[in-house]
Amino acid sequence: MDQADPGSNDRADVRLLAEIVAGVEQSFVELYRRRHNDVYRFVFAMAKSRSFAQDVTQEVFLNVLENAARFDSAKGTVRAWLFGCARHVTLDRLRLERRWTDDMPADVGTLDSDERLLADQRVERLHAAIARLPVEYREALVLFELQELTYAETATVLDCPIGTVRSRLHRGRVLLATMLDENAQPLSEVKSSVGAPLQAREVCS
Amino acid sequence: MSNTPHDASRLQSDLAQLRTALRALEPPEVDEAALRARFREMQQQRAQNAVAERSSRFRLAAAAAVVLALGGILAAVVLRGEHPASVLVPVAAETPVAIPVPVSAFQPLPNSTSLSPSSSYNVVRVRIPLSAFAVVPGTQQGGSIEADLLVGEDGLARAIRFNEAEALLVSVADQ
C-alpha cells in the first residue's frame, strides 16, 4: 500500500466504500486488496497468531459489506475505521477464547520467508511481550507504535480521549520495558507495579 | 522498577524493528473468486432482506387498516344499538334509585281542586311530624312520617300519599 499520499489514498478508500454501498463488486475486491494487509498486520500484532489474524481479517471485511454505509468520513479515515472494526472483532474473539493476556499461543511450525524477519530474538521477545500485555495497553501500543496512527486516530479507533491514549501508551511502555528486562518478574507481579489494568468490559463496551 | 532513558530508547529501537518486520509480513493469498462469491451472496441476502422488510411493512399496514376498519364498524354498530335503547328504555329504569316503595295511592287533599290527567305535577317528599295529626293512642308524640306531596304548577299541594308506616316511622332518637 502506497503511503506517500495518505490524503489521496483515503479519498480513494472513501470512494470505494461508497461504491460498495451502491453494490459495486469490483470496489469491494479493490478495497480488500488495498487494506487487508493493514488489518491482517494489526490483528497479528495484537494476537501473534497467523490463523487468528486470517480469520479476523476475513470477518472484518464481511462486516464492511454489512456496515459500509455507517462509515462517517468526519470521524476519521477508512483505514482507522477498519482498525476499529478489526479491534472489535479481535476483542470479541479474544473474549470468547478467554485469551485476554495470558496463555497467548505463539504460532509454531516452519518459518516462511516473511517470518524470518520476526525470528530475531529481541523482536520475537518484544512481540511476545506485547501479546501478553493487558489488552487496553496492547491495542494502544499496536495502533500507535506499530500501525503508526496518530494520537487522534488512535483515540478515534479506541473511542476514548487522547489523554487516555497517552496514559495507556505510557503504562504500556513501562510494562513492556519491565517485561523485557533480563530480570523481568512474572507478568502477574509486574501488573501490580503500574496500577490495575482496566477490566475487559471497559475495553469492549 | 527500572525505566531508565536507556531502557526507553532500547524499547523504541525494538519497536521500530518489530514495525519493520510487521510491514514485511505478507498475509495469505486472497481467494478473489471466493471474495466475489461472498459479495454476491451478501448482496443477494441484502436484497432478500429488503424485499422481506417491504413485505412485512405492507402486511403490517394492511393489518393496521383491517383493525381500524373493524374498529370503525364495531363502533358504528355499538352506537346504533345504544341510540334506540336510550329512547325506548325509561330513564327511571336506567338509573335505579333506592326509593321506598309507596304503599298507597295519592289521596286528594281536602279543599283542593281535583286532579287532572292533563295537568303536570311535582312530587315533593316531606317529613311530617306526627304532632300535626290527631293523637293516635300508642304513638310517640315526637315521631314523624314520610309522605309524598303532589304539588301543582301553582305551588299548591293537591294530593298526598304515605309510605309504609312501619318503615317510615322515625323514632325520636333518630331525630
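Residues numbered from 1 in each chain as written. Chains lettered and ligands numbered in written order. Predicted model: local features only at pLDDT ≥ 70, side-chain atom pairs only at ≥ 80, totals over all residues.

> I tried to follow the overall build of chain A on my own but got confused; where do I start?
Secondary structure summary: chain A contains ten helices and zero strands in total. A buried classification covers 41% of the 205 residues belonging to chain A. Within chain A, counting contacts between residues at least 6 apart in sequence, those at least 24 apart form 65% of the total. (Helix = DSSP H or I, 4+ residues; strand = E, 2+ residues; numbered from the N terminus. Buried ≥ 20, exposed ≤ 12 C-beta atoms within 10 Å, placed from the backbone. Contact = placed C-beta atoms within 7 Å.)

> Please explain the overall build of chain B as it appears in this structure.
Scanning chain B from terminus to terminus reveals four helices and four strands. Secondary structure elements of chain B occur, N-terminal to C-terminal, as α-α-α-β-β-β-β-α. Taking all 175 residues of chain B together, 3% fall into the buried category. Within chain B, counting contacts between residues at least 6 apart in sequence, those at least 24 apart form 59% of the total.

> Explanation requested: the packing of helix α3 (residues 50–67) of chain A against helix α4 (residues 78–96) of chain A in the structure shown.
The packing of two helices is summarised by the inter-axis angle and the distance between the axes. Residues and elements named next belong to chain A. Between α3 and α4, the least distance of the axes is 9 Å, while the angle of their chain directions is 125°. When the interaxial angle is binned, α3 and α4 end up oblique. The crossing of α3 and α4 is right-handed. Between α3 and α4, the residues in contact are V56, E59, V60, N63 and V64 and L82, C85, A86, V89, T90 and R93, respectively. Of the residues contributing to the contact of α3 with α4, the split by class is seven nonpolar, two polar and two charged. (Axes fitted to C-alpha atoms, helices over the stretch in contact; angles between N-to-C directions. Parallel < 35°, antiparallel > 145°, perpendicular 65-115°, else oblique. Left-handed = near helix turned anticlockwise from the far one by under 90°. Nonpolar A, V, L, I, M, F, W, Y, C, P; charged D, E, K, R; others polar.)

> Which parts of the structure should I look at to understand the pairing of strand β2 (residues 122–129) of chain B?
Here is the key point about a regular strand: its side chains alternate between the two faces of the sheet. All names here are of chain B. The buried fraction of β2 is low, at zero of eight residues. Direction of pairing for β2 relative to strand β3 (residues 144–151): antiparallel, over a ladder of eight bridges. Residue pairing across strands places P129 opposite S144, the latter belonging to β3. (Pairing = 2+ DSSP bridges.)

> Is there a simple way to explain the interface of chain A and chain B in this structure?
Many descriptions give the size of an interface as the accessible area lost when the pieces come together. Counting from both sides, the interface comprises 33 residues of chain A and, opposite them, 27 residues of chain B. Looking at the side of chain A that touches chain B, the elements with two or more residues in it are α2 (25–47), α3, α5 (121–132), α6 (135–146) and α8 (162–180) of chain A. It is α2(A) that contributes the most residues to the side of chain A that touches chain B, eleven residues altogether. Of the residues assigned to the side of chain A that touches chain B, the class counts are 16 nonpolar, eight polar and nine charged.

> I'm lost on helix α7 (residues 151–158) of chain A in this one. Help?
The α-helix winds at 3.6 residues per turn, so residues separated by three or four positions along the chain end up facing the same way. Residue and element names in this part refer to chain A. Of all eight residues in α7, six are buried, a share of seventy percent or more. When we look at burial in α7, the residues that qualify are E153, T154, A155, T156, V157 and L158. Among the structural elements, α4, α6 and α8 are those in contact with the buried residues of α7. Positioned one or two residues after α7, D159 has a phi angle of 55°, which is positive.

> It is not clear to me how the sheet that holds strand β1 (residues 107–108) of chain B should be interpreted in this structure. Could you clarify?
Strands pair in a sheet through their backbones, by hydrogen bonds, and they do so in one of two ways: parallel or antiparallel. All names here are of chain B. Taken in spatial order, the four strands of this open sheet run β1-β4-β3-β2, and their pairing is antiparallel. Where the open sheet ends on each side, the last strands, each with one partner, are β1 and β2. Note that β1 and strand β4 (residues 157–162) share two bridges and pair antiparallel. Note on β4: the bridge partner recorded for Q107 is I160.

> Would you mind going over unusual backbone geometry with me for this structure?
Trans is the prevailing form of peptide bonds, just as negative phi is the prevailing case for residues other than glycine. Residue and element names in this part refer to chain A. Of note, the phi angle at K48 is positive, near 55°, even though the residue is not glycine. Judged by the 20 C-beta atoms lying within 10 Å of it, K48 is buried. In this structure, D159 is a non-glycine residue whose phi angle is positive, near 55°.

> Could you clarify how one ought to interpret the confidence of the model for chain A in this entry?
In low-pLDDT segments, the atomic positions of the prediction should not be examined closely. Residue and element names in this part refer to chain A. Within chain A, residue pLDDT values average 79, and 75% of them lie at 70 or more. Confidence, expressed as mean pLDDT per element, reaches its minimum in chain A at helix α10 (residues 200–204) with 36 and its maximum at α6 with 94. Ignoring residues within four places in sequence, the model shows residues 101–110, a span with pLDDT below 50, making 16 contacts including any to other chains. Counting contacts from residues 183–205, a segment whose pLDDT is below 50, to residues more than four positions away or on other chains yields 27 contacts. (pLDDT = per-residue confidence, 0-100.)

> Looking at this structure, I do not really get the packing of α2(A) against α4(A). What am I missing?
All names here are of chain A. Relative orientation of the contacting elements α2 and α4 amounts to 40°, with a least axis distance of 10 Å. Taken as axis vectors, α2 and α4 run oblique relative to one another. Note that α2 runs across α4; the crossing there is right-handed. Across the interface between the two elements, R35, D38, V39, F42, V43, M46 and A47 from α2 touch R79, L82, F83, A86, T90 and L94 from α4. Tallied by class, the residues present in the contact of α2 with α4 amount to nine nonpolar, one polar and three charged.

> Would you take a moment to explain the pairing of β3(B) for this structure?
All names here are of chain B. Bridge count for β3 against β4 is five bridges, and the pairing is antiparallel. Pairing of D148 across the sheet is with R161, part of β4. In this structure, the hairpin formed by β3 and β4 is closed by a connection of five residues, where G155 is found at a positive phi of approximately 90°.

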